[in-house]
Amino acid sequence: MKITMAHGSGGESTSALIKDVFSKCFKNEILDKLEDSAVVTGSGKIAVTTDSFVVTPLIFPGGDIGRLAVCGTVNDLLMSGATPKYITCGAVLEEGLDIDLLDKVIASMAQTAEEAGVIIVSGDTKVIENRGAEPGLIINTSGIGFIDESKEPVGPFNLKDGDKLLVTGNLGDHHAAILGCRMGIENDIKSDCAPLGDIVGNLLADNIRVHAMRDVTRGGLGTVLNEFASASECNIEIDEESLPVDPSVKEFCGLLGLDPIYMGNEGKALIVVHKDDAQKALTIVKNAKYGANAQIIGQVIKDRSKNDDNYVILNTKLGGKRVVGLMYGEGLPRIC
Amino acid sequence: MIGDDIKAIAEQLKNYDGDEVRIMEVCGTHTAAISENGIPSMLSPKIKLISGPGCPVCVTVTAVIDKLVELSMRDDTIVLTFGDLIRVKGTNKSLADAKADRAHVKMVYSPMETVKMAENDPSHTYVFAAIGFETTAPVYAMVLEEAIAKGLDNLKLLTSIKTMPQVIRWVVKNGGGIDGFIAPGHVATITGSDIFKELSEELELPFVVSGFEGAQLLLTIYALTCMKGKKGIKNLYKSVVTPEGNVKAKELLNKYFESSDASWRGMGKIKGSGLVLKKEFEKYDAGSRDLDEDNMPAGCCCASVLVGKIKPSDCPMYGKNCTPDNAHGACMVSTEGSCYNYFVSGRK
Amino acid sequence: MCVAIPGTVIALDGTKATVDFSGNKVTAEAGLVDVAVGDKVLVHAGCIIQTMDEKLAKETMDLFKEIEDLMV
């Protein structure tokens, strides 16, 4: 069965779709009331975020748009030092979308929300006309989390001289998985789409002095490093030798002339910690869910006097230095 | 980590204090490999690396892009291309701009996909944007072999294929004084290293064929520094490069292509520096001959950068109104372009 | 200008080879070079352009030999 314009009309078809696909999976006390707004408990400092998710194909090795939509928003809240609690789901469905496919995606969303410890408290669906390609789906999720005000604030402005940088695992998996599908290159690369609550929760619970965190998404590690260097007005030095990249992803990048440092993930973070806590932080992350391949990759240098406009420097395996600049363009594969 | 023997070479290159040596890296993939390995930071300031015209995207004239854009806007035609070419501007538009205007442009990994697509969809004509040097030209020859074997009428190439020897001669004649060449490793896989031996004899300059790993490149630069200004050839990529190259590939090239004059972006027409489809295979040509017009943006110095007359940072537009996000000349558009690499790696 | 990396031929079917690059499998045209399963090959734009001598590829000592007449 396919989505038709009637499913977006607000009438009986819409009610049936919500009941048979969405409510069936997102069962909870708050959503079941089906009110105009979800009224929830909580107070103190609130973190709020929103993100929209568009991906082709909708189901890819290692995940799907539903899992992506939950992880993306949950991770954004975690990166601000908040405990994610509630998310919303706005779904725009293209006419012709297969309902079985939608079922799978929504079930995955529910499963991921449970894994991440969040409740989906509000939602909306709309149907739009097919644009001529494979019928798709756009999901927006907004998220609310709560900040523990007894902890130091966490943010990109907060990097201190001597801080160590830690990456929670292998770079580029998600981007390589999606691009591999689109370019017909057969491999076992899976998207690393995952919620980072275990990693972040364990670090904060053990009183690690975390100064900044950001999940590594579009634009890859290179982009995050530049954002941090700019916000904190510091230099960052990293070692090529220590960057964790799966050999399969490395070769995939080699085939297409891409650089793993600019390839996106959906389940990895860059975490900046006080230098004295770095080794302990590494052990904690390695023992947490989704942190097995974590590495310390570099340090922060507050003194910018030597480096003109080049803020992020990579020490190459060969023994040279190069600048990791902003990523330009879409990171298109080059062959020639 | 690199071995002690390579470290010793690196040490010597850092401390080199002889006469200035100007080495040209002809191939764009070498430019990228040199930047990625941080090699410029490892050299004495007396060893200068200059990026040459071996970037097929960079040297494509506006007329070729304009033709591709026009083809992509036809209802019955689909243009297939490699990644970087999509962003190069023609007189007004790039293929990316055309795509945003609903033109038919698709990015593929291999030109061989053109055959499959043409076979599965007889209602459209599939045109591959066939740019490249001697490394890629045999791939286009394979595309034609298959298309002919399958009796396909709806597959064409829009060719802008360039070759090395004539442009190297041109660079030496018109460029900014080169003491030695890092010979393109993958071109040499096809052509063989003997063509560079001939060039070396004729131009009385050293050529070293190099692979793409950091250690190979350091040794190559070391060798060229030692051989500065004297004729000589070394092959440091013997695992894939032989004196005569890939004979089968060369034969296939000769079957379908013939030498022609070619227009290089910002450099003008260079005699005998390109390949075109032979007249008997005209039906597979999407209109490649005589695409010479080159509407370079005013103020762009790509021509001088491409032959080593000036550094990218010497161009008045570099980093100001010409950046990777807003590229005027093709040297800044392509990730193998000299200006792009200088900009993103902080090379000075 | 020519991104090409070495892989291993794991299957051959006429002029089509399946080449493995650390777990990435690509169908490459094998019409330009005589290849056999197990060969290490250089692939450019979906085409095998040359076989690779693995021993030579690994040895930097061979590179040093090539330039020993230049070394002080």
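So, how was this worked out
Residues numbered from 1 in each chain as written. Chains lettered and ligands numbered in written order. Predicted model: local features only at pLDDT ≥ 70, side-chain atom pairs only at ≥ 80, totals over all residues. Heavy atoms only, no water. Helix = DSSP H or I, 4+ residues; strand = E, 2+ residues; numbered from the N terminus. Rg over C-alpha atoms; globule rule 2.2 N^0.38 Å. Buried < 20%, exposed > 50% of the residue type's maximum accessible area, 1.4 Å probe, protein only. Contact = heavy atoms within 4.5 Å. Areas by Shrake-Rupley, 256 points an atom, 1.4 Å probe, with all protein chains shown as cover. Pairing = 2+ DSSP bridges. Right-handed = clockwise from strand over helix to strand, strands pointing away. Disulfide = S-S within 2.5 Å. Axes fitted to C-alpha atoms, helices over the stretch in contact; angles between N-to-C directions. Domains from an automatic or database assignment. Buried area = accessible area lost by both parts, 1.4 Å probe. Salt bridge = Lys/Arg side-chain N within 4 Å of Asp/Glu carboxyl O. Polar contact = N/O pair within 3.5 Å; in protein donor to acceptor, adjacent residues only side chain to side chain. Nonpolar A, V, L, I, M, F, W, Y, C, P; charged D, E, K, R; others polar. Core = buried A, V, L, I, M, F, W, Y, C linked by side-chain atoms within 4.5 Å. Parallel < 35°, antiparallel > 145°, perpendicular 65-115°, else oblique. Left-handed = near helix turned anticlockwise from the far one by under 90°.

Caption draft 1: Quick peek at the overall build of chain C. Of the regular secondary structure elements, chain C holds 2 helices and 5 strands. Tracing chain C from N to C terminus, the helices and strands come up as β-β-β-β-β-α-α. A compact globule built from 72 residues would reach a C-alpha radius of gyration of about 11 Å, whereas chain C, at 15 Å, exceeds it by more than 25%. Projecting the C-alpha coordinates of chain C onto the three principal axes gives extents of approximately 50 × 25 × 25 Å. Across the 72 residues that make up chain C, the buried fraction comes to 47%. The long-range fraction of contacts in chain C, counting pairs at least 24 apart against all pairs at least 6 apart in sequence, stands at 31%. Of the roughly 3200 Å² of accessible surface on chain C, a fraction of 51% belongs to carbon and sulfur atoms.

Caption draft 2: Focus on the pairing of strand E6 (residues 155–162) of chain B. Residue and element names in this part refer to chain B. In terms of burial, E6 is largely enclosed, as 7 of its 8 residues are buried. Summarising the sheet, strand E5 (residues 125–132) and E6 pair through 7 bridges and their orientation is parallel. By the bridge assignment for E6, Ala130 is matched with Thr159. Since E5 and E6 lie parallel, the crossover through helix H6 (residues 137–149) that links them has a hand, and here it is right-handed. Alignment of E6 against strand E11 (residues 268–277), held across 2 bridges, turns out to be antiparallel. When the sheet's bridge partners are listed, Lys162 is paired in E11 with Gly274.

Caption draft 3: Fine view of the pairing of strand E2 (residues 47–54) of chain B. Residue and element names in this part refer to chain B. Counting buried residues in E2 gives 7 out of 8 residues, a clear majority hidden from the surface. As paired elements, strand E1 (residues 21–27) and E2 share 6 bridges and run parallel to each other. For Met24, the partnering residue across the bridge sits in E2 and is Ile50.

Caption draft 4: Just the state of the cysteines, in detail. Residues and elements named next belong to chain B. Tallied over the full model, the rule gives 1 disulfide over all chains. Note that Cys55 is cross-linked by a disulfide to Cys58, the S-S spacing being 2.4 Å. Residues Cys55 and Cys58 are joined by a disulfide whose S-S torsion is about 70 degrees; by sign, that bridge is right-handed. Note on accessibility: Cys55 and Cys58 belong to one class, buried.

Caption draft 5: Quick look at the sheet that holds strand E8 (residues 206–210) of chain B. All names here are of chain B. Strand order in the open sheet formed by 5 strands is E2-E1-E7-E8-E9, and the pairing between neighbours is parallel. Of all the strands in the sheet, the pair left with one neighbour each is E2 and strand E9 (232–236). Direction aside, the axes of adjacent strands within the sheet are offset by 20 degrees on average. With 5 bridges connecting them, E8 and E9 associate as parallel partners. Looking at E9, one finds that Phe207 is bridged to Ile233. Strand contacts of helix H7 (residues 164–174): E1, E2, strand E7 (180–183) and E8, with the helix running at about 155 degrees to E7, the strand carrying the most contacts.

Caption draft 6: Spatial organisation of the domain arrangement of chain A. All names here are of chain A. Assigned domains of chain A: these are domain 1 (5–147) and domain 2 (156–323). Taking only C-alpha atoms into account, the centre of domain 1 sits 28 Å from that of domain 2. Taken together, the contact between domain 1 and domain 2 spans 18 residues of the former and 21 residues of the latter. Buried area between domain 1 and domain 2, summed over both chains or domains, comes out near 1600 Å², and the portion from carbon and sulfur atoms is 66%. Across the contact surface, domain 1 and domain 2 share 1 salt bridge. Among the salt bridges present, the one from Lys289 reaches Glu115, with a minimum N-O distance of 3.0 Å. Between the two partners, domain 1 and domain 2, sit 8 residue pairs in polar contact (both at pLDDT 80 or more). Put simply, the parts of the chain that give the side of domain 1 that touches domain 2 at least two residues each are helix H2 (65–79) and helix H3 (99–116). Looking at the side of domain 1 that touches domain 2 element by element, the count peaks at 9 residues for H2. Of the residues in the side of domain 1 that touches domain 2, the class split is 10 nonpolar, 5 polar and 3 charged.

Caption draft 7: Structural context of the nonpolar core. In terms of nonpolar packing, the biggest core is built from 138 residues, with Leu256 of chain A, Ile168, Phe181, Phe196, Phe207 and Phe257 of chain B together with Ile48 of chain C touching the most fellow members. Of the residues forming this core, the biggest block, 8 residues, is contributed by H6 of chain B. When sequence neighbours within four positions are dropped, the list of residues in contact with Ile168 of chain B reads Phe181, Phe196, Leu199, Leu203 and Phe207 of chain B. Counting residues in hydrophobic clusters, the runner-up holds 57 residues, among them Val74, Ile178, Leu196 and Ile284 of chain A.

Caption draft 8: Main features of the packing of H7 of chain B against helix H9 (residues 194–203) of chain B. Residues and elements named next belong to chain B. At a closest axis distance of 11 Å, the pairing of H7 and H9 adopts a crossing angle of 25 degrees. Comparing the axis directions of H7 and H9 gives the class roughly parallel. Note that H7 runs across H9; the crossing there is right-handed. Touching Pro165, Ile168, Arg169 and Val172 of H7 are Ile195, Phe196, Leu199, Glu202 and Leu203, all from H9. Here the contact of H7 with H9 is composed, by residue class, of 7 nonpolar, no polar and 2 charged.

Caption draft 9: Summary view of the interface of chain A and chain C. Contacts between chain A and chain C engage 15 residues on the former and 13 residues on the latter. The junction of chain A with chain C conceals about 1100 Å² of combined surface from both sides, 57% of it contributed by carbon and sulfur atoms. Joining chain A to chain C, the criterion identifies 0 salt bridges. The tally of links between chain A and chain C comes to 4 residue pairs in polar contact (both at pLDDT 80 or more).

Caption draft 10: Examining the interface of chain C and chain B more closely. Contacts between the two partners involve 34 residues from chain C, matched on the other side by 47 residues from chain B. Around 3200 Å² of area is buried between chain C and chain B when both sides are counted, 66% of it from carbon and sulfur atoms. Applying the counting rule to chain C against chain B returns 4 salt bridges. The closest approach of N and O atoms between Glu66 of chain C and Lys238 of chain B, which form a salt bridge, is 2.5 Å. Linking chain C to chain B there are 12 residue pairs in polar contact (both at pLDDT 80 or more). Of all the elements in the fold, those that place two or more residues in the side of chain C that touches chain B are strand E3 (24–29), strand E4 (40–44), strand E5 (47–51), helix H1 (54–58) and helix H2 (60–66) of chain C. Sorting elements by how many residues they give to the side of chain C that touches chain B places H2 of chain C first, with 5 residues.

Caption draft 11: Inspection of the side chain of Ser288 of chain B at higher detail. Residue and element names in this part refer to chain B. Within the secondary structure, Ser288 is located in the loop between E11 and helix H12 (302–306). Taking the relative accessible area as the measure of exposure, Ser288 reaches 7% and is therefore buried. Only 2.8 Å separates the side chain of Ser288 from the backbone nitrogen of Thr159, close enough to count as a polar contact. Of the polar contacts made by the side chain of Ser288, one reaches the side chain of Asp285; its length is 2.6 Å. What Ser288 contacts, discounting residues up to four positions off in sequence, is Leu157, Leu158 and Thr159.

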